[in-house]
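Secondary and tertiary structure notes
Take a look at the letters that make up each chain.
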Number of protein chains: 4
Amino acid sequence: MSKLRVAVIGARGRIGSEAVRAVEAADDLELVAALGRGDELETLAEAGAEVVVELTTPDSVMGNLDYCVGQGMHAVVGTTGWTDDRLAQLNGWLAASPRTGVLIAPNFSIGAVLTMKFAQQAARYFESAEVIELHHPNKADAPSGTATRTAQLIAAARAEAGCAPQPDATVTALDGARGADVDGVPVHAIRLRGLLAHQEVLLGGEGETLTIRHDSLHHSSFMPGIVLGVRRVVSTPGLTFGLEHFLDLA
Amino acid sequence: MSKLRVAVIGARGRIGSEAVRAVEAADDLELVAALGRGDELETLAEAGAEVVVELTTPDSVMGNLDYCVGQGMHAVVGTTGWTDDRLAQLNGWLAASPRTGVLIAPNFSIGAVLTMKFAQQAARYFESAEVIELHHPNKADAPSGTATRTAQLIAAARAEAGCAPQPDATVTALDGARGADVDGVPVHAIRLRGLLAHQEVLLGGEGETLTIRHDSLHHSSFMPGIVLGVRRVVSTPGLTFGLEHFLDLA
Amino acid sequence: MSKLRVAVIGARGRIGSEAVRAVEAADDLELVAALGRGDELETLAEAGAEVVVELTTPDSVMGNLDYCVGQGMHAVVGTTGWTDDRLAQLNGWLAASPRTGVLIAPNFSIGAVLTMKFAQQAARYFESAEVIELHHPNKADAPSGTATRTAQLIAAARAEAGCAPQPDATVTALDGARGADVDGVPVHAIRLRGLLAHQEVLLGGEGETLTIRHDSLHHSSFMPGIVLGVRRVVSTPGLTFGLEHFLDLA
Amino acid sequence: MSKLRVAVIGARGRIGSEAVRAVEAADDLELVAALGRGDELETLAEAGAEVVVELTTPDSVMGNLDYCVGQGMHAVVGTTGWTDDRLAQLNGWLAASPRTGVLIAPNFSIGAVLTMKFAQQAARYFESAEVIELHHPNKADAPSGTATRTAQLIAAARAEAGCAPQPDATVTALDGARGADVDGVPVHAIRLRGLLAHQEVLLGGEGETLTIRHDSLHHSSFMPGIVLGVRRVVSTPGLTFGLEHFLDLA
């Protein structure tokens, strides 16, 4: 079986260099190009890339995708900063290249994606739901974007199922004790030296609790998701937003 | 809206008496009969029961279901001891009463059912999977039936997805240290005073782990599942085996 | 060996009735009296009680202890509401009865007491420390008194050892996300159906974390501490405040 | 205040190079020499080293310590392979240099040392105790040395306090399900991709459990312990075995 020809743009960054390593390590993938800042996009066509892994910055991602989609190269994109305008523009390019697939994933960690998915699926079956996220103390924002997104998904699932508001008899509280309120779901942020990135979803019903915990102990945790994206994007024309759409959860 | 008319057989047992309480507490259900050992089945028809919750013993369950299905009463069954012969016999009765539904559930805890389901869904995306179950020290078997079943589901999901065997470089081990081998998935049983029934599924991939933990802190944890079964069985003719089929996990 | 003669006051309350059961179950203790509201204190002397377990209310505790100490009976006290004035009065009674011992314990759970002790011992060796407490949703205050006390002990230990303030680079936060600030230690309160009373102390240093978690799954968790208190108070004249002083932690 | 003059032997190994970095980062320490294989020990005297951090191999440690103690240099030793004979020889050298201190530590992680200490302190107060250790799947032995040692300390503490054997009603078990038996304490070993080194001590009594968990997420976790050892060894003449003796746990 011939190998899938893969290129990485943004190959000299922290995540990019891991992606290069992951593509090289996969039996069914062949790394044909690894571009950094200043390298020419034409290299991708010369190298015969079939899939491009795009891990750059909001400044350069649109130019890169314009080129790739125009060449009929599929793309797996980790760069952030997507607005409705940008997505509309990308969909325009894809309309002109109907066999080409693009996956944009805000999070390539399969564990993080499954945590959100499971939280969403389980939320309606429990009276209570809270989210705890735990990170290293150098993080600037609290709670994490993933925790906020998880709480929003839980809240939406509960609303759709017609769940009652969460029970909470608190009458006296120290300021902040009950966490941040994200659409009615309390979210708590821990900052602890020694940690990397961790999240716990707690669900509670009569006599039982269900806890879903994701621990990210190294940024290499993004690699299996990127490799999965590369394998699946070639047979998924059009735009896919979110790695969860490439997971078979039957 | 008229309430659904529910009866409980085995109403004086530990679980049965909780079921009586749960039916009484649900706004949309009405308890019309609560039978114990020696009570007459005819009471169910006289009371106009639409759904019967069957929580007795393998000795009496077949007679009870023969009666209920014959009367067109739906049934939610927690009694164990199901063999292929028994299921065939039950299916025969249901064939003669095509509008009647029966739910048999080995486990009514929604948290336990979701834990198994999520473990099964996630298994193929991680290199490693192990199961830890933790119970009070009066338990006679190790590992628990739920843990064994969970490990089997994980193993089957991995086999179906063509996963490689789990990595394990152990060359020197104390006897028992690596747990029991259930279809290639290690299962570990903890027995600790103070615990009731708990289970943890650990999944590990490059740089990350996903943990799904279920804590059952009181046997009332079965009640939401029984109530859910009662509500759904009336619109699900035929035999349903396993509460997971009544959970919407889209 | 003759058994220690024990009486319980407040024997018909939820904790009191468990205490009666625990004394009866202990091989070396004999229950000689169990008093409820309205019973006469003279019963204690008539029964020859050597140790009295006092589990009543702030309204009656002083009268009960005045009697017990006056009779030379040792006391193990779970009743709350201690002020400096009350403690001074009690110390006065004890000065007049120098062989008598009284243990007042705000918390009889050995697990809770050890959690606080270990948190206090470990605090100075880690850069970061946070407390998470998790309770049933009917609790009126947040955080729990035990969590607040634990955070205060951690803060005091860190101050005494001259630790630097905890690292925290948060610049953007949702209100409440980082918890309540108790003397510089963040405390987070979770309220979840299905839980009883749980607490986690998280300590983090370079490359590692230490977590001390206490789960109280039933109010019988107070019993081993009460029994321990009864056994030790008879050889500990004077006032002891806190069960931790009766634990040998060498 | 003048800084303490510190040298590292074995400075080019994985742990040694971290130790170099840690000494350089500490305000009160000055790195005066960093020796690798083949470097001359005389360099230590020329550099005026007051404390030597010894992180080499069983082959070279005795020669290194003979030199250091002879020169009156204190030593902090992470090298393993200590026998009674070797300890006797080292004690002989120290007898001839009575102001010199040597700390030998099988484990420099403060979290691991505290976990063992707390497990030992708490063991006698609970009916049940089990140990779970969790490591990456490349580990060759199961259970880990730390887990075995922890179980032995728990067992010894229980024996000394006259505790009854642990309750365990298991009559039917899959082979290995209940873990390895270390002096009556069950020990379970998990091997999971994504993990580094983790250990959990579970203690259970009536109605409550106490869990002490140590997560080592990076080998830099040894550094605070090495730095602590360096600071304390200068005022602790003679041989100290185990970092726990340098922790103030009052």
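Residues numbered from 1 in each chain as written. Chains lettered and ligands numbered in written order. Predicted model: local features only at pLDDT ≥ 70, side-chain atom pairs only at ≥ 80, totals over all residues. Heavy atoms only, no water.

A short note on the overall build of chain A
- Secondary structure assignment for chain A yields 7 helices and 13 strands.
- Based on the C-alpha atoms only, the size of chain A along its principal axes is roughly 65 × 40 × 35 Å.
- Split into buried and exposed, the 250 residues of chain A put 58% on the buried side.
- Within chain A, contacts between residues separated by at least 24 positions form 71% of all contacts whose residues are at least 6 apart in sequence.
- Here chain A displays about 9800 Å² of accessible surface, and carbon together with sulfur accounts for 49% of that area.
- In chain A, the 19 positive side-chain charges and the 30 negative ones have mean positions that sit 3 Å from each other. (Helix = DSSP H or I, 4+ residues; strand = E, 2+ residues; numbered from the N terminus. Buried < 20%, exposed > 50% of the residue type's maximum accessible area, 1.4 Å probe, protein only. Contact = heavy atoms within 4.5 Å. Areas by Shrake-Rupley, 256 points an atom, 1.4 Å probe, with all protein chains shown as cover. Lys, Arg positive; Asp, Glu negative; His and termini not counted. Charge placed at Lys NZ, Arg CZ, Asp CG, Glu CD.)

Description of the pattern of salt bridges
- Inspection of the entire model under this criterion finds 56 salt bridges over all chains.
- A salt bridge links Arg213 of chain C to Glu200 of chain C, with the shortest nitrogen-to-oxygen separation between them at 2.6 Å. On the criterion of sequence distance, the pair formed by Arg213 of chain C in strand β12 (residues 208-216) and Glu200 of chain C in strand β11 (residues 197-205) is long-range, its members being 13 residues apart.
- Judged by relative accessible area, Glu200 of chain C falls into the buried class, the value being 13%.
- Arg124 of chain D serves as the salt-bridge partner of Asp248 of chain C, at 3.6 Å between the closest nitrogen and oxygen. (Salt bridge = Lys/Arg side-chain N within 4 Å of Asp/Glu carboxyl O.)

Examining helix α1 (residues 14-25) of chain B
- Between the first and last C-alpha of α1 of chain B there are 17 Å, a value that for 12 residues agrees with the 16 Å anticipated at 1.5 Å per step.
- Within the sequence span of α1 of chain B, burial applies to Gly16, Glu18, Ala19, Val20, Ala22 and Val23 of chain B. (Expected span 1.5 Å × (residues − 1).)

A look at the side chain of Thr240 of chain B
- Tracing the backbone through its elements, the reader meets Thr240 of chain B in strand β13 (residues 238-241).
- On the basis of relative accessible area, Thr240 of chain B is assigned to the buried category, the value being 8%.

Comments concerning the pairing of strand β10 (residues 185-191) of chain C
All names here are of chain C.
- In terms of burial, β10 is largely enclosed, as 7 of its 7 residues are buried.
- Covered by surrounding structure in β10 are Val185, Val187, Ala189 and Arg191 together with Pro186, His188 and Ile190, the residues of both alternating faces.
- Where strand β6 (residues 128-135) lies against β10, 5 bridges are found, and the strand directions are parallel. Opposite Leu134, over in β10, you have Ile190 as the bridge partner.
- Bridging between strand β9 (residues 180-182) and β10 involves 3 bridges; their strand directions are antiparallel. Counterpart to Asp181 in the pairing with β10 is Pro186.
- Hairpin geometry of β9 and β10 is characterised by an intervening segment of 2 residues between the two adjacent antiparallel strands and by a positive phi of about 55° at Asp183. (Pairing = 2+ DSSP bridges.)

Points about the UniProt feature "binding site: (S)-2,3,4,5-tetrahydrodipicolinate" (unreviewed entry) in chain A
All names here are of chain A.
- Listed under "binding site: (S)-2,3,4,5-tetrahydrodipicolinate" (unreviewed entry) in the UniProt record, and renumbered for this structure, are His136, Gly145 and Thr146.
- Mapped onto the fold, His136 is located in the loop between β6 (128-135) and β7 (141-142).
- Given a relative accessible area of 26%, His136 falls into the partly exposed group.
- Excluding its chain neighbours within four sequence positions, the residues that come into contact with His136 are Arg191, Leu192, Leu195 and Leu196.
- By the secondary structure assignment, Thr146 is in helix α6 (residues 145-160).
- We classify Thr146 as partly exposed; its relative accessible area is 28%.
- Not counting the four nearest positions on each side in its chain, Thr146 is found in contact with Asn107, Met116 and Gln199. (UniProt positions renumbered as here; feature names shortened; annotations may be inferred.)

A closer look at empty space enclosed by the protein
- Taken as a whole and assessed by the stated rule, the structure comprises 2 cavities of 30 Å³ or more.
- Lining the largest cavity we find 45 residues, and of these Glu200 of chain A, Glu200 and Arg213 of chain B, Glu200 of chain C together with Glu200 of chain D sit closest to its centre.
- If you add up the space inside the second largest cavity, you get close to 30 Å³.
- Together, Ile132, Glu200 and Leu202 of chain A together with Ile132, Leu134, Glu200 and Arg213 of chain C line the second largest cavity.
- When residues of the lining of the second largest cavity are traced back to their parent elements, those giving at least two are β11 (197-205) of chain A together with β6 of chain C.
- Class assignment of the residues belonging to the lining of the second largest cavity gives a composition of 4 nonpolar, no polar and 3 charged. (1 Å grid on protein atoms, 1.4 Å probe; cavity = no way out; pocket = protein on both sides within 12 Å on 5 of 7 lines; lining within 4 Å. Points joined across faces, edges and corners; volume = space filled by probe spheres on them. Nonpolar A, V, L, I, M, F, W, Y, C, P; charged D, E, K, R; others polar.)

Considerations on the environment of Met223 of chain C
All names here are of chain C.
- Mapped onto the fold, Met223 is located in helix α7 (residues 223-233).
- The class of Met223 is buried, set by a relative accessible area of 1%.
- For the pair Met223 and Ala7, spaced 216 residues apart in the sequence, the C-alpha separation amounts to 14 Å.
- The contact partners of Met223, leaving out residues within four places of it in the chain, are Ile15, Glu18, Ala19 and Ala22.

Structural notes on the packing of helix α1 (residues 14-25) of chain D against helix α7 (residues 223-233) of chain D
All names here are of chain D.
- For the pair α1 and α7, the least separation of the axes is 10 Å and the interaxial angle reads 60°. Judged by the inter-axis angle, α1 sits oblique to α7. Crossing hand, α1 versus α7: right-handed. Two secondary-structure elements touch here, α1 through Ile15, Glu18, Ala19 and Ala22 and α7 through Met223, Ile226 and Val227.
- Of the residues belonging to the contact of α1 with α7, the class tally is 6 nonpolar, no polar and 1 charged. (Axes fitted to C-alpha atoms, helices over the stretch in contact; angles between N-to-C directions. Parallel < 35°, antiparallel > 145°, perpendicular 65-115°, else oblique. Left-handed = near helix turned anticlockwise from the far one by under 90°.)

What to know about the relation of the copies chain A and chain C
- By a simple turn and slide, chain A fits onto chain C: the slide is 0.0 Å along the axis, the RMSD is 0.0 Å, and the turn is 180°. Taken together, these values place the two copies in the relation of a two-fold axis. For chain A, the residue whose C-alpha comes nearest the rotation axis is Gly176 of chain A, separated from it by 1.9 Å.
- Interface overlap between copies: 100% of the residues of chain A at the interface are likewise at the interface in chain C, consistent with a symmetric, same-surface contact. (Least-squares fit on C-alpha atoms with pLDDT ≥ 70 in both.)

Observations regarding the interface of chain A and chain C
- Taken together, the contact pairs 45 residues of chain A with 45 residues of chain C.
- Carbon and sulfur atoms supply 62% of the area that chain A and chain C bury against each other, a total of about 3200 Å² over both sides.
- Here Glu127 of chain C makes a salt bridge to Arg193 of chain A, at a shortest N to O gap of 2.9 Å.
- In this structure, the connection of chain A to chain C is made through 24 residue pairs in polar contact (both at pLDDT 80 or more).
- Those elements giving two or more residues to the side of chain A that touches chain C turn out to be β6, β7, β8 (172-173), β9 (180-182), β10 (185-191), β11 and β12 (208-216) of chain A.
- For the side of chain A that touches chain C, the residue count by class is 22 nonpolar, 12 polar and 11 charged.
- As paired elements, β7 of chain A and strand β8 (residues 172-173) of chain C share 2 bridges and run parallel to each other. (Buried area = accessible area lost by both parts, 1.4 Å probe. Polar contact = N/O pair within 3.5 Å; in protein donor to acceptor, adjacent residues only side chain to side chain.)

A short note on the environment of Glu244 of chain D
- On the secondary structure map, Glu244 of chain D appears in the segment after β13 (238-241).
- When the C-alpha atoms of Glu244 of chain D and Asn64 of chain D are compared, they prove to be 24 Å apart, with 180 residues separating the residues in sequence.

Here we look at the sheet that holds strand β13 (residues 238-241) of chain A
All names here are of chain A.
- The 6 strands are arranged β2-β1-β3-β4-β5-β13 in an open sheet whose pairing can be described as parallel. Looking at strand neighbours, the two that pair on one side only are β2 (29-35) and β13, the edges of this open sheet. Averaged over all neighbouring strand pairs, the angle between strand axes comes to 20°, with direction disregarded.
- Pairing of strand β1 (residues 4-9) with strand β3 (residues 51-54), which is carried by 4 bridges, proceeds in the parallel orientation. Directly across from Ala7, in β3, lies its bridge partner Val52.

Focus on the packing of aromatic side chains
- Under the definition given, this model contains 2 aromatic pairs over all chains.
- Seen in terms of ring centroids, Phe118 of chain A and Phe118 of chain B are 4.1 Å apart; in terms of plane orientation they differ by 10°. Their pairing is stacked. Here Phe118 of chain B lies in helix α5 (residues 110-122) and Phe118 of chain A lies in helix α5 (residues 110-122), a pairing that spans two chains. In this pair, the class of Phe118 of chain A matches that of Phe118 of chain B, namely buried. (Phe/Tyr/Trp six-rings, centres within 6.5 Å; stacked < 30°, edge-to-face > 60°.)

Focus on the UniProt feature "domain: Dihydrodipicolinate reductase C-terminal" (unreviewed entry) in chain A
- Per the UniProt annotation, the sites labelled "domain: Dihydrodipicolinate reductase C-terminal" (unreviewed entry) are residues 111-247 of chain A.
- End-to-end, the C-alpha atoms of residues 111-247 of chain A are 11 Å apart, and along that stretch the chain is 28% helix and 32% strand.

A look at the packing of helix α5 (residues 110-122) of chain D against helix α6 (residues 145-160) of chain D
All names here are of chain D.
- The N-to-C vectors of α5 and α6 enclose an angle of 25°; their axes lie 8 Å apart at closest approach. Put simply, α5 runs roughly parallel to α6. Handedness of the crossing formed by α5 with α6: right-handed. Every residue of α6 that contacts α5 at Met116, Ala119 and Gln120 is listed here: Thr146, Arg149, Thr150, Leu153, Ile154 and Ala157.
- Of the residues belonging to the contact of α5 with α6, the class tally is 5 nonpolar, 3 polar and 1 charged.

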